[in-house]
2 protein chains.
Amino acid sequence: MSEKIPYKIYLEEHEMPKQWYNVRADMSKKPAPLLNPATLKPCTAEDLGHVFCDELVKQELNESDRYIDIPEEIQEFYKMYRPSPLVRAYCLEKKLDTPAKIYYKFEGNNTSGSHKLNSAIAQAYYAKQQGLKGVTTETGAGQWGTALSMACSYFDLDCQVYMVKCSYEQKPFRREVMRTYGANVTPSPSDTTEVGRKILAEFPDTNGSLGCAISEAVEKATSQDGYRYVLGSVLSQVLLHQSVIGMESKIAMDKYGITPDIIIGCAGGGSNLGGLISPFMGEKLRGEKDYRFIAVEPASCPSLTRGVYAYDFCDTGKVCPLQKMYTLGSGFMPSANHAGGLRYHGMSAILSELYDQGLMEAVSVEQTAVFEAAQQFARVEGILPAPESSHAIKCAIDEAMKCKETGEEKTILFGLTGTGYFDMYAYGAYNDGRMSDYIPTDEELKKSFDTLPKTD
Amino acid sequence: MSEKIPYKIYLEEHEMPKQWYNVRADMSKKPAPLLNPATLKPCTAEDLGHVFCDELVKQELNESDRYIDIPEEIQEFYKMYRPSPLVRAYCLEKKLDTPAKIYYKFEGNNTSGSHKLNSAIAQAYYAKQQGLKGVTTETGAGQWGTALSMACSYFDLDCQVYMVKCSYEQKPFRREVMRTYGANVTPSPSDTTEVGRKILAEFPDTNGSLGCAISEAVEKATSQDGYRYVLGSVLSQVLLHQSVIGMESKIAMDKYGITPDIIIGCAGGGSNLGGLISPFMGEKLRGEKDYRFIAVEPASCPSLTRGVYAYDFCDTGKVCPLQKMYTLGSGFMPSANHAGGLRYHGMSAILSELYDQGLMEAVSVEQTAVFEAAQQFARVEGILPAPESSHAIKCAIDEAMKCKETGEEKTILFGLTGTGYFDMYAYGAYNDGRMSDYIPTDEELKKSFDTLPKTD
């Protein structure tokens, strides 16, 4: 049987999903509502409509529709770079000498280099439908900014990206990709916003932060006619769009009669993990099947494994709605961690609730071990993984090695979210033995928990 | 009919080629033989065996077998990153508003970022079969070096790469990818070889050159037990391995009843172009079908369009066999041209002979126009192309625009050899308007023609 499974399973175009799956519809206990930061009351569509596109607000608040149609135009765009391959990691299995069967869904075969494009194109589409001129956003590691630039270029929308200053300087090539797609990239903090000018006046030498970039992007969106702000993770709408990852995986696996025992994904804000597991989690929630789900986060930014489940600000500037989530506190400053995409202090509300209900596990892994796994994977599977994705690789290898000990032939599926072409500085540090691990102390965490808002 | 053709055609594993196609078997007039640089007599297998692996020497000299079996192990490796997609460029067609149907064979979906891996894995395999310890090579732009590193890592072979010093310094990230795959990367010229030390003594501040790196790699291979030298282009064995590109393209097109009118590829040493066109050229040579073939080269390094057809050295160090080819003279110093992979002074012997027989056309294009085409392509097709590949894009767009004028519904196939993730410095220059064009003067060419050897 397993001999018949090809290295890579590509769906035919007609097999590609035509709807996104909204996992909230199958949750008996829903995620807690977003709160208006001014009133601390649940956000209304009107509250959210000042910041986000109308259709996306509807999706954000929609907890009842199990499936939402993917508009024709987005389906067409998906066909440009999807279906993404579901890969049987034969070479890795052989190298590990494990009885486990390892599969990964590879989202890196597009120029943004990651799964982020799945939601970027949806958000750009709805902005265009609403007749907007453009959108604003922030980017840290740069994958989201790149994806949004590509999406906006396709729909001829203006794209204004606030890029954390240290990334802007350290990752000039990411910046150039965005510029090639016509985006306007500004290092943050900048003098183009009030909040940016204020921060610059106070801290002229700051390298910027994601929180500050979000605040600038939100201000820019709300102060210009015809603009809205878009976000690449954390929000429930993003997990909805990313469900295309899990749906494609499930269709491909069903086609070949494969049932995963364990499903693994890296978790920063939760966009990839949430998208990958959604349809499988739906089956579990409906009592149809059982799976083990494992969220993998960096030991340096352990929101699920060491955070608290509480209402918190989504941004350090405290201008966005409050969300109930596993969080380290919006004041948490992650250490210099090369896995830029996983440095967020909080976690998607959906995933937080599923984790709190015990439907999902979480582990944290250290950076050096992650790069060791990345190198091992690259050498046998021929794909240079992003540091973020490599957290999932590390966990998948660990699970496969457990199977080797026990002799169990488990089927493991993990999400390989992207490629590491723009992370060679980090690979260089690893190659040179200059990479270190960092785990925040209990005291540091306690201090950042003190930044949590009092909501009741 | 055309509505039924998907955006991307992937072959099933069982449809993938099991043999390479050797176009020389169908050429009534064969390419001229390689000459021993010392004796100026045709190279024997023994001559070549000092430098190259035995099986590869056989392939180099094999002009009669039309098909050569792809060893099982190489077929398995191919399945890790192949089949590559044959893409229908619907979005580009729409943007250009052309009646032409445009297809491209995309070879960039692997970590080496280009088609180079197709030959690298074959060469590494035969080296391993011969019981060698390792191989040496040179790399300029870095794609070949990356591909070979990946291939050697897979077969656990030592890989020693001489990287042109200016590339080594300007492209540290390419270097890190090679190191991640375990390769030993040395900036050339270096003090690890006699020829390197000699050059350094004479020109201590030199930035290196491809010719010098080749000489160092050859010296290193021939002075160490258990090593051979491998090369990523120009040689007939490389075109043989790269025929997998054309064969997959042809199988996919035949499956959907598509016949290309024009087949376009960028041409540096000729590895991609030769591989892409081979099976189609075979049909033309056998009188079964007719196609237009177009080689696209940079105006700054125009070996086909402005070179002479003569015996020349393959390297500036003059240690490799002489080859009859279209050449600018081994003393030709191409200007600072960002399309690093197309800076070779000569052209594959097979392609040179086909061009000389009038079976193939050639055009040259200027760099700024190439980047304009690259950006246009990236924005609608979602792939950031390598500068080299973008030469083919430019020509394909030109041909499609001619169709728009005449109303002809021609079918165009071009080779998209790779991605531009490591070429963002060049994209940045283009984005900033800092890019310039350069065309060598007749006088400069005349001077470099003077470096041609006297062979009779």
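Cut-off values and rules
Numbering of residues starts from 1 in each chain and follows the order in which that chain's sequence is written. Chains and ligands are labelled sequentially in the order written, the chains with letters from A and the ligands with numbers from 1. Under the rules for a predicted model, residues below a pLDDT of 70 receive no local features and side-chain atom pairs below 80 are neither given nor counted, while totals for whole chains, interfaces and linings still include all residues. To obtain the side-chain values, all non-hydrogen atoms of the structure were used and water was disregarded. Only Phe, Tyr and Trp rings take part, Trp by its six-membered ring, and two of them pair if their centres are within 6.5 Å. Stacked means planes under 30 degrees apart, edge-to-face means over 60, and tilted covers everything else. Only protein chains enter the accessibility calculation, which uses a 1.4 Å probe; a residue whose area is less than 20% of its type maximum is buried, one above 50% is exposed, and one in between is partly exposed. The helix and strand labels rest on DSSP assignments: H or I over at least four residues marks a helix, E over at least two residues marks a strand, and numbering proceeds from the N terminus. Axes here mean lines fitted to C-alpha atoms, for a helix over just the part in contact, with angles spanning 0 to 180 degrees between N-to-C directions. Angle categories: roughly parallel below 35 degrees, roughly antiparallel above 145, roughly perpendicular from 65 to 115, and oblique for all the rest. Should any heavy atoms of two residues lie within 4.5 Å, those residues are counted as being in contact. Amino acids are sorted into nonpolar (Ala, Val, Leu, Ile, Met, Phe, Trp, Tyr, Cys and Pro), charged (Asp, Glu, Lys and Arg) and polar (every other residue, Gly among them). For two strands to be treated as a pair, DSSP must find no fewer than two bridges joining them. N or O atoms within 3.5 Å of each other form a polar contact, as long as, within protein, one can give a hydrogen and the other can take it, and as long as residues adjacent in sequence are counted only when both atoms are side-chain atoms. Least-squares superposition of the copies uses the C-alpha atoms of those residues scoring a pLDDT of at least 70 in each of them. Given the number of residues in a helix, its expected span is that number minus one, multiplied by 1.5 Å. One side-chain nitrogen of Lys or Arg within 4 Å of one carboxyl oxygen of Asp or Glu is enough to make a salt bridge.

Student: What is the right way to read the packing of aromatic side chains from this model?
Tutor: In this description, a pair of aromatic rings is defined by centroid distance and the angle of the planes. Overall, the coordinates contain 41 aromatic pairs over all chains when judged by the stated rule. Pairing Y291 of chain A with F293 of chain A gives two aromatic rings, centres 5.9 Å apart and planes at 50°, and the pair type is tilted. For the pair formed by Y291 of chain A and F293 of chain A, the shared burial category is buried. Their ring planes at 10° and their centres at 4.8 Å tell us that Y309 of chain B and Y326 of chain B sit as a pair that is stacked. Taken together, the residues Y309 of chain B in strand β12 (residues 308-313) and Y326 of chain B in strand β13 (residues 322-327) connect sequence positions 17 residues apart. We classify Y326 of chain B as buried; its relative accessible area is 11%.

Student: How should I be thinking about the packing of helix α15 (residues 367-381) of chain B against helix α16 (residues 387-406) of chain B in this particular structure?
Tutor: When two helices pack together, their arrangement is captured by the angle between the axes and the distance separating the axes. Residues and elements named next belong to chain B. The geometry of α15 relative to α16 is characterised by a closest axis approach of 8 Å and an angle of 85° between their N-to-C directions. Considering their axes alone, α15 and α16 lie roughly perpendicular with respect to each other. Residues A369, V370, F371, A373, A374, Q376 and F377 of α15 touch α16, and the partners they reach there are P387, S390, H391, I393, K394 and I397. Tallied by class, the residues present in the contact of α15 with α16 amount to 9 nonpolar, 3 polar and 1 charged.

Student: Got a minute to help me understand the pairing of strand β15 (residues 411-416) of chain A in this structure?
Tutor: The side chains of a regular strand alternate between both faces of the sheet. Residue and element names in this part refer to chain A. Most of β15 sits out of view: 6 of its 6 residues are buried. Covered by surrounding structure in β15 are T411, L413 and G415 together with I412, F414 and L416, the residues of both alternating faces. Bridge analysis of strand β5 (residues 101-106) against β15 gives 6 bridges, and the strand direction is parallel. Residue pairing for β15: F106 is matched across the bridge by L416. As paired strands, strand β10 (residues 262-266) and β15 are joined by 3 bridges and run parallel to one another. Bridge pairing in β15 places I264 opposite F414.

Student: When you look at the side chain of E283 of chain A in this model, what are you seeing that I'm missing?
Tutor: On the secondary structure map, E283 of chain A appears in helix α12 (residues 271-285). A distance of 3.3 Å separates a polar atom in the side chain of E283 of chain A from a polar atom in the side chain of K250 of chain A.

Student: I would appreciate a short explanation of the relation of the copies chain B and chain A in the present structure.
Tutor: One copy of the chain maps onto the other through a rotation about an axis followed by a shift along the same axis. Mapping chain B onto chain A calls for a screw motion: a turn of 180° about the axis and a shift of 0.0 Å along it, with 0.0 Å RMSD after fitting. In short, the pair behaves as if placed about a two-fold rotation axis. Residues of chain B ranked by C-alpha distance from the rotation axis are headed by N109 of chain B, positioned 3.1 Å from it.

Student: I'm lost on helix α6 (residues 143-155) of chain A in this one. Help?
Tutor: Since the α-helix turns once every 3.6 residues, residues separated by three or four places project in the same direction. Residue and element names in this part refer to chain A. Between its terminal C-alpha atoms α6 stretches 19 Å, which fits the 18 Å expected from 13 residues at 1.5 Å a residue. Where α6 is concerned, the buried positions are Q143, W144, G145, T146, A147, L148, S149, M150, A151, C152, S153 and F155. At the C-terminal side of α6, D156 shows a positive phi close to 55°.

Student: Whenever I open this one, the sheet that holds strand β6 (residues 134-139) of chain B confuses me. Can you help?
Tutor: Whenever strands of a sheet pair, they do so through backbone hydrogen bonds, lying parallel or antiparallel. All names here are of chain B. Strand order across the open sheet formed by 4 strands is β8-β7-β6-β9, with parallel pairing between neighbours. Two strands lie at the open edges of the sheet, namely β8 (184-188) and β9 (227-229), each paired on one side alone. Neighbouring strand axes in the sheet, compared pairwise and without regard to direction, differ in orientation by 25° on average. Lying over the sheet, helix α6 (residues 143-155) contacts β6 and β7 (158-164), oriented at roughly 165° with respect to β6.

Student: Can you help me understand the sheet that holds strand β9 (residues 227-229) of chain A in this one?
Tutor: All names here are of chain A. One open sheet accounts for 4 strands, arranged β8-β7-β6-β9; its pairing is parallel. Among the strands making up the open sheet, the edge pair consists of β8 (184-188) and β9. Shown here is a sheet whose adjacent strand axes are inclined to one another by a mean of 25°, direction ignored. Across 3 bridges, strand β6 (residues 134-139) lies against β9 in parallel orientation. Each residue of the ladder has a partner; that of V135, found in β9, is R228. Sitting on the sheet, α6 is in contact with β6 and β7 (158-164), with an inclination near 165° to β6. Along the sheet, helix α10 (residues 210-223) contacts β6, β7, β8 and β9; its crossing angle with β6, the most-contacted strand, is approximately 170°.

Student: I'm lost on the environment of D432 of chain B in this one. Help?
Tutor: Inspection of the secondary structure assignment puts D432 of chain B in the loop between α17 (424-431) and α18 (442-449). A distance of 2.8 Å separates polar atoms of two side chains, one belonging to D432 of chain B and the other to R179 of chain A.

Student: How do you make sense of the pattern of salt bridges when you look at a structure like this?
Tutor: Pairing is possible between side chains of opposite charge, provided their charged atoms come close. The final tally for this structure, using the stated rule, is 50 salt bridges over all chains. Measuring nitrogen to oxygen at the nearest pair gives 3.3 Å for the salt bridge that ties K171 of chain A to D423 of chain A. Of this pair, K171 of chain A sits in the loop between α7 (165-170) and α8 (172-180) while D423 of chain A sits in the loop between β15 and α17 (424-431); the two residues are 252 residues apart in sequence, bridging distant segments of the chain. Of the residues examined, K171 of chain A reaches a relative accessible area of 18% and is grouped as buried. Assessed through its relative accessible area of 6%, D423 of chain A is described here as buried. We note a salt bridge from R179 of chain B to D432 of chain A, for which the minimum N-O separation is 2.7 Å. Of this pair, R179 of chain B sits in helix α8 (residues 172-180) while D432 of chain A sits in the loop between α17 and α18 (442-449), on two different chains. Sharing partners across several salt bridges, the network here consists of D26, R66, R286 and E288 of chain A.

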